Every structure is written in structure tokens, then in C-alpha cells.
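# Results of the structural survey
Residue strings, one per chain:
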Amino acid sequence: MPTEKTTFTSLHTGGSMTQVPERQSRLSGFVKTLFGDRLSIALTLISVLIIYAFVPVIDWALIRAHWTVASPAECQSGGACWAFIGAKLRLILFGLYPPEEQWRAVIVIVLIMALVLLTLSPRFWGARLLLVWAAGIAVMLVLMGGGVMGLPPVPTSKWGGLPVTLLLAVLSLGLAFPFSVVLALGRRSAQPVTRGLSVLVIELVRGLPLVGLLFVAAILMPLFLPPDWNIDKLGRTLAALTIFAAAYLAEVIRGGLQGLPYGQTEAAQALGIPYWRTIWHIVLPQAIQKVIPPLTNTAIVMVKNTSLVLIVGVFDMLSAARSAATDPMWPAPSAEAYLFVAMIYFVICYGIAAYSRHIETDLTARSHS
Amino acid sequence: MTLAIDVSGLNKYYGNYHALRDVDFSVEERQRVVICGPSGSGKSTLIRCLNRLERHDGGRICIGGIELGDNLRDLDAVRREAGMVFQHFNLFPHMTVLENCVMPQVLSRKTARRDAVERAHAYLERVHILDQATKYPGQLSGGQQQRVAIARALCMQPRIMLFDEPTSALDPEMIREVLDTMVDLAEGGMTMVVVTHEMGFARQVADLVVYMEAGEIVEIAPPDRFFDAPQDERSRRFLSKLVTA
Ligand SMILES: Nc1ncnc2c1ncn2[C@@H]1O[C@H](COP(=O)(O)OP(=O)(O)OP(=O)(O)O)[C@@H](O)[C@H]1O
Ligand SMILES: [Mg+2]
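Residues numbered from 1 in each chain as written. Chains lettered and ligands numbered in written order. Predicted model: local features only at pLDDT ≥ 70, side-chain atom pairs only at ≥ 80, totals over all residues. Heavy atoms only, no water.

Quantified by volume, the second largest pocket comes out at close to 1400 Å³. Around the second largest pocket, the lining comprises 36 residues; the ones closest to its centre are Tyr 262, Thr 265, Gln 269, Tyr 275 and Ile 279 of chain A. For the lining of the second largest pocket, the elements supplying multiple residues, two or more each, are α7 (162–187), α8 (192–207), α11 (262–270) and α12 (275–290) of chain A together with α2 (72–81) of chain B. The element that contributes the greatest number of residues to the lining of the second largest pocket is α11 of chain A, accounting for 5 residues. Here the lining of the second largest pocket is composed, by residue class, of 17 nonpolar, 10 polar and 9 charged. (1 Å grid on protein atoms, 1.4 Å probe; cavity = no way out; pocket = protein on both sides within 12 Å on 5 of 7 lines; lining within 4 Å. Points joined across faces, edges and corners; volume = space filled by probe spheres on them. Helix = DSSP H or I, 4+ residues; strand = E, 2+ residues; numbered from the N terminus. Nonpolar A, V, L, I, M, F, W, Y, C, P; charged D, E, K, R; others polar.)

Our focus in this paragraph is empty space enclosed by the protein. Counted by the stated rule, this structure contains 2 cavities of 30 Å³ or more. Looking at the largest cavity, the residues that line it are Ala 267, Ala 270 and Leu 271 of chain A together with Arg 79, Ala 82, Gly 83, Met 84, Phe 86, Arg 152, Ala 153 and Met 156 of chain B. Those elements giving two or more residues to the lining of the largest cavity turn out to be α11 of chain A together with β6 (82–85) and α5 (142–155) of chain B. Here the lining of the largest cavity gets 3 residues from one element, more than from any other, and that element is β6 of chain B. Counted by class, the lining of the largest cavity contains 8 nonpolar, 1 polar and 2 charged residues. Estimated volume of the second largest cavity: approximately 30 Å³. If you trace the second largest cavity, you find it lined by Ala 4, Glu 29, Gly 64, Glu 81, Arg 159, Ile 160 and Thr 191 of chain B. Across the lining of the second largest cavity, the residue classes tally to 2 nonpolar, 2 polar and 3 charged.

Time to look at the UniProt feature "domain: ABC transporter" (unreviewed entry) in chain B. On the UniProt side, "domain: ABC transporter" (unreviewed entry) is annotated at positions that read residues 5–239 of chain B here. Helix and strand shares over residues 5–239 of chain B are 40% and 26% respectively, and the end C-alpha atoms of the span are 27 Å apart. (UniProt positions renumbered as here; feature names shortened; annotations may be inferred.)

What follows is about unusual backbone geometry. All names here are of chain B. Its identity is not glycine, yet Arg 30 carries a phi of approximately 70°, on the positive side. With respect to the secondary-structure elements, Arg 30 resides in the loop between β2 (17–27) and β3 (32–36). Accessibility expressed as a relative area gives 55% for Arg 30, which makes it exposed. (Buried < 20%, exposed > 50% of the residue type's maximum accessible area, 1.4 Å probe, protein only.)

The final tally for this structure, using the stated rule, is 23 salt bridges over all chains. Note that Arg 147 of chain B and Glu 177 of chain B form a salt bridge whose closest N and O atoms lie 2.9 Å from each other. Linking Arg 147 of chain B in helix α5 with Glu 177 of chain B in helix α6 (residues 172–187), this pair joins segments that are 30 residues apart in sequence. One salt-bridge network, held together by shared partners, links Arg 187, Glu 203, Arg 206, Glu 251 and Arg 254 of chain A. (Salt bridge = Lys/Arg side-chain N within 4 Å of Asp/Glu carboxyl O.)

It is worth spelling out the interface of chain B and chain A at this point. Contacts between chain B and chain A engage 27 residues on the former and 22 residues on the latter. Carbon and sulfur atoms make up 59% of the surface buried where chain B meets chain A, a total of about 2000 Å² over both sides. Where chain B meets chain A, there are 7 residue pairs in polar contact (both at pLDDT 80 or more). Mapped onto the side of chain B that touches chain A, the elements with two or more residues apiece are α2, β6, α3 (97–109) and α5 of chain B. (Contact = heavy atoms within 4.5 Å. Buried area = accessible area lost by both parts, 1.4 Å probe. Polar contact = N/O pair within 3.5 Å; in protein donor to acceptor, adjacent residues only side chain to side chain.)

Attention now moves to the site of ligand 1. Residues and elements named next belong to chain B. Residues in close proximity to ligand 1 include Tyr 14, Tyr 17, Pro 38, Ser 39, Gly 40, Ser 41, Gly 42, Lys 43, Ser 44, Thr 45 and Glu 165, which together make up its full environment. Between a nitrogen atom of ligand 1 and a side-chain N or O atom of Tyr 14, the distance comes to 3.4 Å. Isolated, ligand 1 exposes 630 Å² of accessible area, and the fraction of that covered by the protein chains is 59%. With 3 residues, the single largest contributor to the shell around ligand 1 is helix α1 (residues 43–50). A per-class count over the shell around ligand 1 returns 3 nonpolar, 6 polar and 2 charged. (Near = heavy atom within 4 Å. Areas by Shrake-Rupley, 256 points an atom, 1.4 Å probe, with all protein chains shown as cover.)

Next up on the list: the packing of α8 of chain A against helix α10 (residues 233–258) of chain A. Residue and element names in this part refer to chain A. Two elements in contact, α8 and α10, have axes whose closest approach is 9 Å; the angle formed by their N-to-C orientations is 120°. In this structure, the crossing between α8 and α10 has a hand that is left-handed. Contact with α8, carried on its side by Ile 202, Val 205 and Arg 206, involves Ile 243, Phe 244, Ala 247, Tyr 248, Ala 250 and Glu 251 of α10 and no other residues of that element. (Axes fitted to C-alpha atoms, helices over the stretch in contact; angles between N-to-C directions. Left-handed = near helix turned anticlockwise from the far one by under 90°.)

This paragraph deals with the nonpolar core. All names here are of chain A. Counting residues in each nonpolar core, the largest one holds 72 residues, and the members touching the most others are Ile 92 and Trp 159. No other element matches the 10 residues that α10 contributes to this core. Ignoring anything within four residues of it in the chain, the contact list for Trp 159 reads Tyr 97, Leu 141, Met 144, Gly 145, Val 154, Val 164, Leu 167, Leu 234 and Phe 315. (Core = buried A, V, L, I, M, F, W, Y, C linked by side-chain atoms within 4.5 Å.)

Attention shifts here to the packing of helix α5 (residues 102–120) of chain A against helix α6 (residues 127–145) of chain A. What describes two packed helices is the angle between their axes and the distance between those same axes. Residue and element names in this part refer to chain A. α6 packs onto α5 with a crossing angle of 170° between their chain directions and a minimal axis gap of 9 Å. As judged from the angle between their axes, α5 and α6 are roughly antiparallel. Here Arg 104, Ala 105, Ile 107, Val 108, Leu 111, Ile 112, Leu 115, Val 116, Leu 118 and Thr 119 of α5 come into contact with α6, specifically with Leu 129, Val 132, Trp 133, Gly 136, Val 139, Met 140, Leu 143, Met 144 and Gly 145. Taken together, the residues that form the contact of α5 with α6 break down as 15 nonpolar, 3 polar and 1 charged. (Parallel < 35°, antiparallel > 145°, perpendicular 65-115°, else oblique.)

Residue and element names in this part refer to chain B. With respect to the helices and strands, the residue Val 34 is situated in strand β3. The spatial distance from the C-alpha of Val 34 to the C-alpha of Asn 100 is 27 Å, given a sequence separation of 66 residues. For Val 34, the contacting residues outside a window of four places in its chain are Val 194, Thr 196, Phe 201, Ala 202, Ala 206, Leu 208, Val 209 and Val 210.

All names here are of chain A. The UniProt entry lists residues 39–58, 103–122, 129–152, 164–185, 197–225 and 337–356 under the feature "transmembrane region" (unreviewed entry), expressed in the numbering used here. When the span residues 39–58 is considered, its composition is 100% helix and 0% strand, and the gap between its end C-alpha atoms is 28 Å. Taken as a whole, residues 337–356 contains 100% helix and 0% strand, while its terminal C-alpha atoms sit 29 Å from one another.

Residue and element names in this part refer to chain A. Nonpolar side chains collect at one region of the surface, where Leu 39, Leu 43, Ile 46, Ile 50, Phe 54, Val 57, Ile 58, Leu 62, Ile 63 and Trp 67 lie side by side and expose about 1000 Å² of accessible area between them. Mapping Leu 43 onto the fold places it in helix α3 (residues 38–63). Exposure remark for Leu 43: the relative accessible area of 47% places this residue in the partly exposed category. (Patch = residues over 30% accessible without salt bridge, like charges linked within 9 Å, V, L, I, M, F, W, Y side chains within 5 Å.)

Laid out in C-alpha cells, this is it:
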């Protein structure tokens, strides 16, 4: 119990909280956050400047923007031309895919999103989910390609836009995963040949730029393969992305394996659990839990890396947007086209990041009561 | 009657280091053997050779009549025969207590899940920890975790249980609950090999005490003779240190 005197002094020296109405004290707290010390003042000023710099952008993007126009010429008067996106939406989203067949591409997008949503819940993780994915991918490829069940065939050279971006991202990451696990295990193997081979593959692929790898796969490979080996260009591009992702994922997963106590595999051995089941049920779940942040990072980078395929002439969403922006009918709408595509990429990548945060809090809740 | 464990002329090297020297030792069925000795004497190495967590370099190891070698089917049979409990529990932290007991059965014996769950319940009950079945290992005390580890090993229905210092990583107040579980197991007739420094436990349940030093077995004797009238000079020195410590 404090004495009369100390209570009295504390009231005067700054402990005036009790007497000031709460609204005012919160306001003064706010002011203190903004201008409390020199660093805060500097940061506040910088923020104000940044916001000020954005005023013209907001003016362009929202206030003077054209949302609907009767003819493209109306867009000439400055301001963002969002009407262009509306007019070119199909081209950006589906590329050169035949318009009357685009419902198939829509189903593919919906399927991918449904599968991703299903995969979000750890409850469904397991071998069965892998089967569902394999079946889903098969259905998607059939839908996109057609040629069976009365669906008119659409060659992969006509595939384009968002389905291609999503398929490349999901397939390259999904196919890379088993390879990366094998590479990561190989790199930690006691056998020198296995270890050397894994190190070689990982370091070789990591040492090459992705663009180079894409060139080799899309342009050089057909020159070396026998002519009747007609592997599709989209398929070769996917192979390059997969190899690239596998090398990076392998290093991430190796980090997780290193943090795993040796006792875990020993306990599994003593219980008689076979090697690959130990890897799948005991080792990987724990290794992956430890490396969720870098894993997320790799996934996001790979989603964005798919846009590099435009260099070898694969028509992903970014290429589609670029070609949409070259329409001479419209006055230079490339900023709008790129912004629209950027927004879609942002939604996907931010979604991955938000999900990984959610999973991580879920997992930490387990280990501490 | 075949011996539960029959080891003869066992040698083990770590590089140039001679960790086990001509070890001969056998355990009859339903016998309880306590292994003790100073740190680095090779106790863990010996017990880990028994289920081939370490490969031996010379000599014979037979578990339940099966000789340990490079044959994988035999190795699997031996691991079926012998359960192991570790100093640091080695529970699987990403599974609940119940799953820790269920999954190994499903993964290594292909037991039907329903039977596995039933058995897990029975053994968790037996080590008095069924009420914690839905928790994760990280949420339990050390003593509780070690009892789960014992239940997990028992779920595989081994005929031999190997313990490597099961109480050394525990806070003193938790040692009793684990030892009680082990005494209970011994009274149920389980064949047990226990590396431990708990001499009270050795006196209470052991049929034989094995004393090791520098990779050799120095003395094998029933506990009362070992503690009250050790034959070897080295055992006497070890015991006198224990008393003064
Ligand atoms: N993997 C290994 N590599 C090299 N040397 C090892 C290895 N494991 C054990 N040793 C050595 O072998 C000897 C016996 O080790 P072991 O673990 O069997 O001793 P211990 O009797 O169990 O000791 P403690 O009471 O400390 O557990 C020690 O000198 C140790 O340094
Ligand atoms: Mg030891």
C-alpha cells in the first residue's frame, strides 16, 4: 500500500491518467506515437511525403478514370482506362484459347481453386489428397486439351492466360516436391555417390538463371532430341520450371531435416517402421513445419517466376496482357493491363503468405499448452 | 528353452575406438537385467546393438533365437521382438499422445486402425495416462512423456523391453512415476534389459546386475551379491563412489 505522499507526487508528475477523460488521453497517445521523438517525427514526415506523392496516382486511377466508355477514343482524355480491361478481359484471362471453348478454361480455374482450398485444411493432408490432386490435374489437362468425349481439341500452343499461369505454378511446385525431397535426403546421405550426385544437381541448377534453363528446355532441347520425340513446348517449359523449383525446395527442406533430432528416426527404426514411411509420416511433417517461412517464400517466387515463360513464347497471363495492350484501337493502355495482372499476382501471393501465417500459428499452438 | 537374448564375443568399433570388447551376455525369458557402469563404458552401445540401432563388428547377437545380420527380414523380426525406451523419450511431437501409440502399429504392422486404437487405449490406461490422450507430447511433463513412450513401445507387443537410462533426463520428482511403471511391467513378467543408475530399482526388480567398464563386462551377479559383496576391484570402486555421491 503506497503512502499518501507518493500517491500525491505521482499524480502530479505525469500520472494524470485517471483525471483526464479517456478520449483525450488516447489522442495524446496518438500524437506521441507520431511526434514523440526525432525518429517518429522523421518517419511521420516521410510517410506524409509518400502519401502526397500518391495523390496523382489516386487521381489517375480513381477520380479521372474511365470505367465504361462507348468507344476507345474516350480514353484519350487522361486518367486510367479501366474500360480497356473490361473489353480485353477474355484475352488477358484466357489468351488465344478459342472464345467458344473458354468455359473449359473457366472450369479449370475453378477446379484449381477448389483443390487449393481443399488442401488448405491440414485435416485432409495425406495420400488420399494426392490422389484427388492427380485425378484433378488429369481432368484439367483433358478439359484444356480436348480431343475426347466430343470436346474439340485445342493444341497447347493456343492455351493461354490465367489457366496456364496457374497450371504452371501448381504443377511445377507439385512435381518438384518429390524430387526435392529425394535431393534433400540424398544430400544428407552417408553414401558418397548419392551425396555427390545430389549436390551436383542442386548446385548446377541453382547456379543457372531460370531464363537460361527455359531457353535450354524450349529452344535447345528440340535440336538434340530425335525429331520423332515430339515433346510439347509447354511440357518442356514445365520441366524447366520443375527442375528449378526442385533445387530450391531441396535446400529449404534440407534445412528442415537438419533441425530434426536424430532420436526421431531412431525411435521409428526401433518401432520397426519402414524407411519411406518414416520419411513420409515422421520426418517430413516435422521438417516442413520448421521451414514454413522459407517454403512460403519459394512458393511465392515460383508463382511469379512462371511469368518468365513469355521469353520462350509461352502464352501465360503476363504475355496475354502484353499482347492485349498492343491493340492500336486503344490509346496506350499498357499501364492498366500490367496493373490488372499485377493485382491478380498480388492476390495469389498474398493469399499464400496469409495462409502460411495461419498454419504457423496453428502449429505453434500445439507445442505449448 | 531358447534364450531371449544371447550375445557372444561381441565387438564394436567407432572408427579406431574399441567401444565393446568381447562381450558375452545372455538373458533368459522373463529375466530382468540391469546394466550399470561409469559414463562412456559402452552401456548404450551394447543395448543399441541389441536391436541394431548400431551395427556390431564381430561376434553373434541372437534375439529370440534370431541372429542379427544383414538380413532385413530378420532385422524386422528382431525389432518386432524388442521394444525400446530412450533417455529423451523421442515421442513424435507432431502427433497426439494417442496417435503416437496408434501410428507405429499401423505403419509397421499394418494393424487395422480400430484394433490399433483399442490397443493404444489399453496400454495408455496401463501407464495411467489415458486422460492425456488427446494432448501433444510438448504439453506433457517429462515423466508423463516417458510413460507415453513406454506405452508406445508396448503397443507393438514386444516380448523384450530395452530401456536406455529412462529416468536420466527427468526431474527428480518425476523419476518415481516412471520407475513404478517399470516395476509394474516387471511384475507382469516382461523380459527387460535396463541401463540405469537407479540402484534402488536394480535391488527391487533385477535378477542380474551387469557391471561394465571401458567396453568390457566386469561382473555379472544377482543384485544382493553385487551390492553387498562385489567380487571385482573395479565394481567395488564404482559402488563406493555411488555411496559417497
Ligand atoms: N556414434 C559414435 N561415434 C563415435 N564414438 C561414439 C559414438 N557413440 C558412442 N561413442 C563412444 O563410445 C563410448 C561408449 O559410449 P556409450 O554411449 O555406449 O557409453 P555409455 O556407457 O552409454 O555412457 P553414458 O552413461 O554417458 O550414457 C564412449 O567413449 C563414446 O564416446
Ligand atoms: Mg548411454
